[in-house]
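Results of the structural survey
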Amino acid sequence: MRPFVSSDFSVPKVLETAEFRLRMLTIDDVDKDYAAVMSSIDHLRNIWPGSDWPDGLTIEQNLIDLDRHQMEFIERTAFAYTLVTLDESMVIGCVYVDPTRKRGFDAEVYFWVRESELDNGLEDRLFNTLVEWLGEHWGFENPGFPGRLNAWVEWNAIPDD
């Protein structure tokens, strides 16, 4: 795959707020990431309707997924971030900044937060933070948020470039 961003672009390594930190998702996160995923199955199914992920996910399969995400980040073809508490004791979600072929968009952004964080509004705060961060630090003019800003039916109907 070709790099998603230019070779002279400085990929943001970390985004930190008073509440959470986003940093590159790595294989070292496997246990905490797996715990977050498995505690959030119902929520994940609601975010990605029609997907069977994470049905049957094992820790070994999660390690393989994290390795792929880490390599994509290193190769600059896609960027997966883990969302952690400031003390890094818990993974509370993930953010994926991916290339897109959808006409009129310069990226596809997916994210999820741990199901236990939904009632405190973390998902909305993360979304607002991401919109600002993607504009200011990535320079995206129109990132797509499939299933968020665009309903899945609408997103899937957008033609490819």
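Residues numbered from 1 in each chain as written. Predicted model: local features only at pLDDT ≥ 70, side-chain atom pairs only at ≥ 80, totals over all residues. Heavy atoms only, no water.

1. So, the overall build of the chain
Looking only at helices and strands, the chain has five helices and six strands in total. Scanning the chain from its N terminus toward the C terminus, one meets helices and strands in the order β-β-α-α-α-β-β-β-α-β-α. Compactness check: the chain gives a C-alpha radius of gyration of 15 Å against a globular reference of 15 Å for 161 residues, within 12% of the reference. Taken along the three principal axes of its C-alpha coordinates, the chain extends 35 × 35 × 30 Å. For the chain, the proportion of its 161 residues judged to be buried stands at 46%. Within the chain, counting contacts between residues at least 6 apart in sequence, those at least 24 apart form 66% of the total. Accessible area of the chain: about 8500 Å², with a carbon and sulfur share of 51%. (Helix = DSSP H or I, 4+ residues; strand = E, 2+ residues; numbered from the N terminus. Rg over C-alpha atoms; globule rule 2.2 N^0.38 Å. Buried < 20%, exposed > 50% of the residue type's maximum accessible area, 1.4 Å probe, protein only. Contact = heavy atoms within 4.5 Å. Areas by Shrake-Rupley, 256 points an atom, 1.4 Å probe, with all protein chains shown as cover.)

2. Describing empty space enclosed by the protein
Tallying each qualifying case throughout the model produces one cavity of 30 Å³ or more. Taken together, I47, W48, V109, Y110, F111, P146, R148 and W152 form the lining of the largest cavity. It is strand β5 (residues 107-113) that provides the largest number of residues to the lining of the largest cavity, a total of three residues. Classifying every residue of the lining of the largest cavity by side-chain character gives seven nonpolar, no polar and one charged. (1 Å grid on protein atoms, 1.4 Å probe; cavity = no way out; pocket = protein on both sides within 12 Å on 5 of 7 lines; lining within 4 Å. Points joined across faces, edges and corners; volume = space filled by probe spheres on them. Nonpolar A, V, L, I, M, F, W, Y, C, P; charged D, E, K, R; others polar.)

Such coordinate-based values are descriptive only and should not be taken to indicate function.
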